[in-house]
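# Structural characterization, general
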Amino acid sequence: MATFIKPRVPRGMRDILPEQMIRRQYVIDVIRDVFEEFGFEPLQTPAMELSEVLTGKYGPDAEKLIYQAGHTGGKEDISLRYDLSVPLCRVIAMYPQLPKPFKRYQIDPVWRAERPQKGRYRQFFQCDADTVGSDSMLADAENVNLIYQVLSRLGFKQFEISVNDRKLITGIGQFSGVPTAQLGGLYRSIDKLDKIGLDGVTAELRENEIPEDVIKKLLTLLQIEGDSTTVLNEMQEQLEDLEIAREGTAELKELIGYLTTLGVPEECYKVNVAMVRGLEYYTGPIYETVVEEPKIGSITGGGRYDELIGSFSKQSFPATGTSFGIERIIDVMEEFDMFPSTVGKTVTQVLMTVFDDELMKESLKLATQLRQGGIRTEVYFRPARLSAQMKYADAKGIPYAVILGSDELAAGNAAVRDLASREQENVPLDKVVERIKHLINTSEGRQTF
RNA sequence: GUGGAUGUAGCUCAGGGGUAGAGCGCCUGACUGUGGAUCAGGAGGCCGUGGGUUCAAUCCCCAUCAUCCACCCCA
């Protein structure tokens, strides 16, 4: 007896079956449309990079999660990419002739050897838009605008884009007077403010042996509440002696000024001085969108990274960008049933039935006409009982069936059946395409997309 | 990486030391040109994998793998 290999996929990775793939493509289409609307150009880079390109960019914790991708006898030390930003920087350094500012988007998988959880996979898609070669806060404002546009078009009603600035964080660090070695832990504790509250942060700071007077100082900063402008003004006042903090608040004020002009509603973003973000390469404004329900973490993240390209070339460029997490966005949309009814289970719009061998020829002719008319049409592959063919259409969620039997053919007709309403009508053969088109256009919810 | 829970039919799950059940789904028929209803019948499981204890293991013990949850981190 033959022994079989148990069919399975690597941990944290999965197959995306057609029904789910259709939803995915819908989300990707929306994102791509927005990106291109803002003038971002498509870019693709290899799934693997030389390991030296990736190391030393993300910080030691993240670096452990990079997949090694060498093969037996391979001479190169290569790894699967961890994100799309570092490969972009490599591209910028490699092709100096690209006109600046360079705006590109990339929608591709990345790999991280994390322990999987809901909304956390080892292979997942990032959808990145980045602007290289401009230090204008308008570029950063555009990133936030992208997030706003994409999420509202996907039907997200309530979301809040947290905005902060690495310079402001550095200022807070200096303000606290905590030695550099402890700074990482300090930031990490502060970052949890939204999750564990002031008391929780206080407790954690004490555990990390941060002196009481420092904790007190920090709490006065973290307690600042109000709209973005108020928070920034207060921060500016509290940290006015620190140049780096002044720069941070100035940047954010400029950014918010642009957001207002661009028409991004105020309730969609908020300055959150406690939001830190882990990746080491950020240098200026940073932003992320966290959804509370379901508990899935952040669905977007990004920021300015003016130094990163400098690690590949003498000539450095300021850069900023943002990233969308498709699988988390889809997880949220599925949880709340946010897909429009126009996103169906199948791409097929019409099932062309086949009665018998004689009529097969007529069915194929009609199918060809439908396809030429731009209607996605599937033909049943062999004559079968009509009930079987209907059942197939129903199981696949195909919205319409065209039935061509000897009775219809004799009258020069075909029957056009709406599977959902079970209504059926005879239509002259040369009007079938037109009729189906009309049905598709008028009955939203039964077409695919 | 740390801690915890769970792996039994396609799906959701029950059961329990003597090689297994429900609901839903699926297939067939009643229905020779019309799918979601009804009725009748049927298929489908080395009870995650490997080892141990036992006369005997799906059940007890150990290991391992996978999934989920929390932490960590992040999309």
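Below you will find a few notes about this structure. Given the structure is predicted, the values throughout are model-derived calculations rather than measurements. (Residues numbered from 1 in each chain as written. Chains lettered and ligands numbered in written order. Predicted model: local features only at pLDDT ≥ 70, side-chain atom pairs only at ≥ 80, totals over all residues. Heavy atoms only, no water.)

### Quick look at the overall build of chain A
- What chain A contains, in helices and strands, is 16 helices and 15 strands.
- In terms of overall dimensions, chain A has C-alpha extents of about 90 × 55 × 50 Å along its principal axes.
- Counting all 449 residues of chain A, 50% fall into the buried class.
- Taking as baseline every contact in chain A between residues at least 6 positions apart, the subset at least 24 positions apart corresponds to 68%.
- Counting every atom, chain A has about 22,800 Å² of accessible surface; 49% of that belongs to carbon and sulfur.
- Each charge class in chain A can be summarised by its mean position, and for the 53 positive and 68 negative side chains these summaries are 7 Å apart. (Helix = DSSP H or I, 4+ residues; strand = E, 2+ residues; numbered from the N terminus. Buried < 20%, exposed > 50% of the residue type's maximum accessible area, 1.4 Å probe, protein only. Contact = heavy atoms within 4.5 Å. Areas by Shrake-Rupley, 256 points an atom, 1.4 Å probe, with all protein chains shown as cover. Lys, Arg positive; Asp, Glu negative; His and termini not counted. Charge placed at Lys NZ, Arg CZ, Asp CG, Glu CD.)

### Concerning the sheet that holds strand 4 (residues 102-111)
- Taken in spatial order, the eight strands of this open sheet run 1-4-5-10-9-8-6-7, and their pairing is mixed. Either end of the sheet is taken by a strand with one partner, and the two such strands are strand 1 (41-42) and strand 7 (269-271).
- In this sheet, strand 5 (residues 123-132) lies alongside strand 4 in antiparallel orientation, the contact comprising ten bridges. Note on strand 5: the bridge partner recorded for valine 110 is phenylalanine 124.
- Along the sheet face, helix 12 (residues 326-335) touches strand 5, strand 8 (285-291), strand 9 (297-304) and strand 10 (319-325) and points at about 40° away from the line of strand 10. (Pairing = 2+ DSSP bridges. Axes fitted to C-alpha atoms, helices over the stretch in contact; angles between N-to-C directions.)

### Considering the protein's contact with RNA strand B
- The immediate surroundings of RNA strand B are formed by 44 residues, with Arg120, Arg188, Gly278, Leu419 and Arg422 found nearest.
- Among the atoms of RNA strand B lying within 4 Å of the protein, the sugar-phosphate backbone contributes 39%.
- Backbone polar atom of serine 298 to a sugar or linking oxygen of RNA strand B: 2.7 Å apart, as the coordinates give it.
- At the level of secondary structure, the elements contributing two or more residues to the surface near RNA strand B comprise strand 5, strand 9, helix 14 (386-396) and helix 15 (406-410).
- Looking at the surface near RNA strand B residue by residue, the classes come out as ten nonpolar, 14 polar and 20 charged. (Near = heavy atom within 4 Å. Polar contact = N/O pair within 3.5 Å; in protein donor to acceptor, adjacent residues only side chain to side chain. Nonpolar A, V, L, I, M, F, W, Y, C, P; charged D, E, K, R; others polar.)

### A word on the environment of threonine 45
- Topologically, threonine 45 is positioned in the loop between strand 1 and strand 2 (48-50).
- On the basis of relative accessibility, which here comes to 7%, the residue threonine 45 falls in the buried class.
- Looking at threonine 45, its side chain comes within polar contact range of the side chain of glutamine 106, at 3.1 Å.

### Considerations on helix 1 (residues 18-37)
- Between the first and last C-alpha of helix 1 there are 28 Å, a value that for 20 residues agrees with the 28 Å anticipated at 1.5 Å per step.
- Along helix 1, the residues classified as buried are Ile22, Arg24, Tyr26, Val27, Ile28, Val30, Ile31, Val34 and Phe35.
- Here the buried face of helix 1 lies against strand 4, strand 5, helix 5 (137-153), strand 10 and helix 12.
- Looking one or two places after helix 1, you find glycine 39, whose phi comes out positive at around 85°. (Expected span 1.5 Å × (residues − 1).)

### With respect to the packing of helix 13 (residues 357-372) against helix 16 (residues 432-442)
- Across the interface, helix 13 lies against helix 16 with an axial gap of 9 Å and an inter-helix angle of 50°. As judged from the angle between their axes, helix 13 and helix 16 are oblique. Along this stretch, helix 13 crosses helix 16, giving a crossing that reads as right-handed. Across the interface between the two elements, Leu366, Gln369 and Leu370 from helix 13 touch Val432, Val433 and Ile436 from helix 16.
- Looking at side-chain class alone, the contact of helix 13 with helix 16 contains five nonpolar, one polar and no charged residues. (Parallel < 35°, antiparallel > 145°, perpendicular 65-115°, else oblique. Left-handed = near helix turned anticlockwise from the far one by under 90°.)

### Remarks on a negative patch on the surface
- A contiguous patch of negative charge on the surface is contributed by Glu160, Asp191, Asp194 and Glu292.
- Mapping glutamate 292 onto the fold places it in the loop between strand 8 and strand 9.
- Residue classification places glutamate 292 among the exposed residues on the basis of a relative accessible area of 58%. (Patch = residues over 30% accessible without salt bridge, like charges linked within 9 Å, V, L, I, M, F, W, Y side chains within 5 Å. Salt bridge = Lys/Arg side-chain N within 4 Å of Asp/Glu carboxyl O.)

### Observations concerning the environment of leucine 151
- Summarising the element assignment, leucine 151 is placed in helix 5.
- Distance from leucine 151 to threonine 300, taken between C-alpha atoms, is 9.8 Å for residues 149 residues apart in sequence.
- For leucine 151, the contacting residues outside a window of four places in its chain are Phe156, Phe159, Thr289 and Ile299.

### A look at the pairing of strand 6 (residues 161-165)
- For strand 6, the buried fraction is high: five of the five residues fall into the buried class.
- Residue alternation in strand 6 divides its side chains into two sets, Ile161, Val163 and Asp165 and Ser162 and Asn164, and both sets are buried.
- Alignment of strand 6 against strand 7, held across three bridges, turns out to be parallel. Bridge pairing in strand 7 links valine 163 to valine 271.
- Alignment of strand 6 against strand 8, held across five bridges, turns out to be antiparallel. Looking at strand 8, one finds that aspartate 165 is bridged to proline 285.

### Focus: the nonpolar core
- Ranked by internal contacts, the top residues of the largest apolar core, which has 98 residues, are Val27 and Phe156.
- Among the elements that line this core, the one with the most residues is helix 1, at eight residues.
- Residues Leu370, Met390, Val427 and Ile436 belong to the second largest nonpolar core, which totals 29 residues. (Core = buried A, V, L, I, M, F, W, Y, C linked by side-chain atoms within 4.5 Å.)

### A short note on the state of the cysteines
- For the structure shown, the criterion picks out zero disulfides.
- You can see cysteine 127 has no disulfide; the closest cysteine sulfur is in cysteine 89, sitting 18 Å from it.
- The thiol of cysteine 268 is not disulfide-bonded; the next cysteine sulfur, from cysteine 127, is found 20 Å away.
- Judged by relative accessible area, which is 8%, cysteine 268 ranks as buried. (Disulfide = S-S within 2.5 Å.)

As far as function goes, none of this settles anything; it's purely spatial.
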